[in-house]
Structure formats: C-alpha cells, structure tokens
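The primary structure of each chain is shown beneath.
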Amino acid sequence: MQCPKCHANMRTFDRMGVHIEQCDGCRGVFLDYGELEAITRLEQQMAPPPPPPPVAPAPAQVHYVQQPVQPGWGAAPGYGHHYGHRKHRGLGGLFFSS
C-alpha cells in the first residue's frame, strides 16, 4: 500500500485484533471504518476505573452550653427600653425644651 499523503510505503500493525496502517515516510496513521471505535472500546476495557471523587469532611458540630446568669446581669423588664428617646412634638421641640 502507498500513503495517500506522501506516497511512501505503509506498514500494517495488528494491535489486539485491530489492523492499523502507518506510513514509513510521514508516520501518519490511517484507520479503516470502525477501527477507531474498536480501539476506543479496547482502551476502556484495559484502563482501570477512575478513582472515586474525594469526600469532603463533615462540618464540625458546634455545641453551645448555656451559661448561668450572674446576679445583677441582664436587664429588668422595661429597663433601658426607652433610654435616650424623646417624644417628637414637631418643629417646636427642636427649639424649645420642656
């Protein structure tokens, strides 16, 4: 056979039952109909399965412990609720204090 590209001689190689033609001149590889699919199928059979994807570690669990309330800490009902707030009485409240 002659190479369709450079017209040099071609050799036929048998790779696990698939006949592959390779040019001695340009080193091109030529496949007949269905040979590429056969090579792909054989490659998938020979290749080891891909490794499983890495498993992300579970997020750390945070446990909150309720602390006892210290005497005198915390607000009594109503304490500080209206701290610093004045009742607005229109523009007069800005100029005159009551």
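Residues numbered from 1 in each chain as written. Predicted model: local features only at pLDDT ≥ 70, side-chain atom pairs only at ≥ 80, totals over all residues. Heavy atoms only, no water.

With an unreviewed UniProt entry as reference, the protein chain is termed Transcription factor zinc-finger domain-containing protein, source organism Saccharothrix yanglingensis.

**Considering the overall build of the protein chain**
The secondary structure content of the protein chain amounts to two helices and three strands. Buried residues in the protein chain amount to 10% of all 98 residues. Long-range pairs, those at least 24 residues apart, make up 11% of the contacts in the protein chain between residues at least 6 apart in sequence. In the structure as shown, the protein chain presents an accessible area of about 9,800 Å², 60% of it carried by carbon and sulfur atoms. (Helix = DSSP H or I, 4+ residues; strand = E, 2+ residues; numbered from the N terminus. Buried < 20%, exposed > 50% of the residue type's maximum accessible area, 1.4 Å probe, protein only. Contact = heavy atoms within 4.5 Å. Areas by Shrake-Rupley, 256 points an atom, 1.4 Å probe, with all protein chains shown as cover.)

**Topic: the pairing of strand 1 (residues 10-15)**
The pairing of strand 1 with strand 2 (residues 18-23) spans six bridges and is classified as antiparallel. If you follow Met10 over to strand 2, its bridge partner there is Cys23. The loop that links strand 1 with its antiparallel partner strand 2 comprises two residues; one of these, Met16, has a positive phi angle of about 50°. (Pairing = 2+ DSSP bridges.)

**Points about the sheet that holds strand 1**
Strands sit in the order 1-2-3 across an open sheet of three strands; the sheet is antiparallel. Because the sheet does not close on itself, it has two edges, and the strands there are strand 1 and strand 3 (29-30). Of the strand pairs in this sheet, strand 2 and strand 3 are connected by two bridges, and their pairing is antiparallel. When the bridges of strand 3 are listed, Gln22 appears paired with Val29. Sitting on the sheet, helix 1 (residues 35-46) touches strand 1, strand 2 and strand 3, and the angle it makes with strand 2 is about 115°. (Axes fitted to C-alpha atoms, helices over the stretch in contact; angles between N-to-C directions.)

**Quick look at the UniProt feature "domain: Transcription factor zinc-finger" (unreviewed entry) in the protein chain**
Per the UniProt record, the feature "domain: Transcription factor zinc-finger" (unreviewed entry) sits at residues 2-40. Split by type, residues 2-40 is 15% helix and 36% strand. Its first and last C-alpha atoms lie 26 Å apart. (UniProt positions renumbered as here; feature names shortened; annotations may be inferred.)

**A closer look at the side chain of Glu35**
When you line up the elements, Glu35 lands in helix 1. The buried charged residue Glu35 lacks any salt bridge, with Arg15 as its nearest oppositely charged partner at 12 Å. Once residues lying within four places of it in the same chain are set aside, the contact partners of Glu35 are Val18, His19, Glu21 and Phe30. (Lys, Arg positive; Asp, Glu negative; His and termini not counted. Salt bridge = Lys/Arg side-chain N within 4 Å of Asp/Glu carboxyl O.)

**Description of a nonpolar patch on the surface**
Taken together, the side chains of Val29, Leu31 and Leu36 define a hydrophobic patch exposed on the protein surface, amounting to about 260 Å² of accessible area. Taking the relative accessible area as the measure of exposure, Val29 reaches 48% and is therefore partly exposed. (Patch = residues over 30% accessible without salt bridge, like charges linked within 9 Å, V, L, I, M, F, W, Y side chains within 5 Å.)

**Focus: the pairing of strand 2**
Of all the six residues making up strand 2, five are buried; the element is thus mostly covered by neighbouring parts of the structure. Linkage of strand 2 to strand 3, two consecutive antiparallel strands, is achieved through a turn of five residues, within which Arg27 is found at a positive phi near 65°.

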